[in-house]
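Per-entry structural report
So you can see what is in the structure, the chains are spelled out below.
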Amino acid sequence: MKFHRFDCQHPVVVVVMVVASLVASAPADAASLKLGDMCRLKGQEINTLQGLGLVVGLRGTGDNDAAPTARALSRMMQLMGGPMAVDSLGQLDIEDVAEAKNVAMVFVTAKIPAVGAQNGDLMDVTVNAINAKSLEGGYLMMTPLLGPRADNPTVYAIAQGSIRLSVDGAATSATIQGGAKMEATVPAAFHDDGIITLVLDGDFASFDNTQRIEDEINSLSALTLGDSGRFSGGGFSGSDRPRAQAIDQLHVQVEIPSLYRDSPIKFISLLLNLPIQLASHSSRVVINEREGIVVIGKDVEIAPVLVTHRSLRIEAGGVAGLVGVNDKANENDTAKLKNLADALNALDVPTSDLIAIIKTLKRKGDLYGEVVFQ
C-alpha cells in the first residue's frame, strides 16, 4: 500500500511507508461451541401471565372519573362482603365509589421461566397503570393471573403486594418482588413422543449451522446412542435413516434413541454438550456507527484501488512487504482491509472516516466480504 499525506500549506508531499504483509496464510480452524450454547429445546420458552387488577392506597393520583375502575372496585367490594347498592335492574350502583381518587386499574404481568414453575413458586410482578398519574405508595389487591390466551380462564397465579417504583423509571410503572404465587404447575416440555426439536438462537440461525448440527449428531457412534428406532412424525422411516434432521435454518429434529427412551435427560445432557464446529465469519465486517465500532474479519480483502480522502491519498495493492512510492502493485492482486485499517489508525484517522471509506469501497464493489450494519 502507498499512503501520501498532502499538506495544504506546503507543496512538499510526505510519504508514509507502511509495512503490510499480505502473504496468504492457511485459514485457521473454525471455532467450536457446545450445542447447548447455540440453541434451546422447543417447549422450554418463557411464558407470560397477565391480568387486570386494582391498586389502592394512592395519594390522589388514581383514575379520575373512570367507570371501568369504579365497576371493578364495586365488584371486588361485593365479593369481599361489602354492602353495595344496586339499581332497579339489580346491577351494582357505582355512584358510591365513582369519586374514589386513590384507586387505579392496572395491567399486571408475570413471566414463567423457560424451565417452568411449580405450585407455590413466587415470581416477580410488573404493574403498569392504565389511567392513573402515579402508582407511588400503592398496594396491589389480590389479582388472578391468566395465561397468554384470553380464551383460557385458568388461573395460574395470584398476585398482590406493595408496589415499588424504580428510581429512574416512570411513576406509572412498578414492580412487586415475589408478588405472584403460582396456583398451578406449569411444566416445561422438552420432547414430544420421543422427538426433540432444537431451536437455534438468532445469532446462529443458518442453513449451514443446522446442517453441521445434523451431521455431528448423526456421526455419533451406535454404541453411544443405541438403535434409532422409528421416527413417529413421518420424517424418518427406519434405523437406516438419520437420527437427526435439519428442518430449516432454525430447527433440527432429533429422535431420542431407544437406548435412552427411559432416561431422556441423560441423552439431552449428552446432546447439549456436543461440540459443533462453527462456520468462519472471517470475511465479514460489522459496523456499529452509533458507537463508532468497526470489527473486521481477517480474510476481508479489497481490490487494488486509489482512495483520496481529505489529506490522504491511498494506493492499495497486493504487494507483500514494504511498499514505497515508486513500487507498483500488480493490478490483479488484492489487499487486506485489516491492513488498510491498521495504517489509517496509525495516522490517527477517525473511525468515522474509516467507516466512510468502507462504505464507498463496498458501494463500488471493491470490498470482497459481507458488511453488516448494526
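Details of the structure are given in the entry above.
Heads up: these notes are all about the structure in this document. (Residues numbered from 1 in each chain as written. Predicted model: local features only at pLDDT ≥ 70, side-chain atom pairs only at ≥ 80, totals over all residues. Heavy atoms only, no water.)

Turning our attention to the pattern of salt bridges. Scanning the model with the defined rule gives 11 salt bridges in all. Of the charged contacts, one joins aspartate 151 and arginine 149 as a salt bridge, the two residues approaching to 2.8 Å between their closest N and O atoms. A relative accessible area of 55% places aspartate 151 in the exposed class. For arginine 149, a relative accessible area of 56% corresponds to the exposed category. (Salt bridge = Lys/Arg side-chain N within 4 Å of Asp/Glu carboxyl O. Buried < 20%, exposed > 50% of the residue type's maximum accessible area, 1.4 Å probe, protein only.)

Bringing the pairing of strand S15 (residues 251–255) into the picture now. Pairing of strand S13 (residues 195–200) with S15, which is carried by 5 bridges, proceeds in the antiparallel orientation. Paired with leucine 198 across the two strands is valine 252, which belongs to S15. The sheet contact formed by strand S14 (residues 244–246) and S15 spans 3 bridges and is antiparallel. Along S15, the bridge assignment pairs glutamine 245 with glutamine 253. Joining the antiparallel neighbours S14 and S15 is a turn of 4 residues. (Pairing = 2+ DSSP bridges. Helix = DSSP H or I, 4+ residues; strand = E, 2+ residues; numbered from the N terminus.)

Moving on: helix H6 (residues 351–364). Since the α-helix turns once every 3.6 residues, residues separated by three or four places project in the same direction. Spanning 14 residues, H6 covers 20 Å between terminal C-alpha atoms, matching the ideal 20 Å at 1.5 Å per step. Here H6 has its buried residues at Asp353, Leu354, Ile355, Ile357, Ile358 and Leu361. Where H6 terminates, the next one or two residues include glycine 365, which has phi positive at roughly 90°. (Expected span 1.5 Å × (residues − 1).)

Note that threonine 210 resides in helix H2 (residues 207–218). Judged by relative accessible area, threonine 210 falls into the buried class, the value being 1%. There is a polar contact of 3.2 Å between the side chain of threonine 210 and the backbone oxygen of aspartate 248. For threonine 210, the residues in contact, after removing those within four places along its chain, are Leu200, Ala246, Asp248, Gln249, Leu250, His251 and Val252. (Polar contact = N/O pair within 3.5 Å; in protein donor to acceptor, adjacent residues only side chain to side chain. Contact = heavy atoms within 4.5 Å.)

This part is about the environment of leucine 306. As for its placement among the helices and strands, leucine 306 is situated in strand S20 (residues 305–309). When sequence neighbours within four positions are dropped, the list of residues in contact with leucine 306 reads Arg313, Ile314 and Glu315.

This part takes up the sheet that holds strand S18 (residues 293–296). Strands sit in the order S18-S17-S25 across an open sheet of 3 strands; the sheet is mixed. For this open sheet the edge positions go to S18 and strand S25 (370–373), each flanked by a neighbour on one side alone. Within this sheet the neighbouring strands show an average axis-to-axis angle of 15°, counted without direction. Contacting strand S17 (284–288), S18 and S25, H6 crosses the sheet at an angle of about 50° to S18. (Axes fitted to C-alpha atoms, helices over the stretch in contact; angles between N-to-C directions.)

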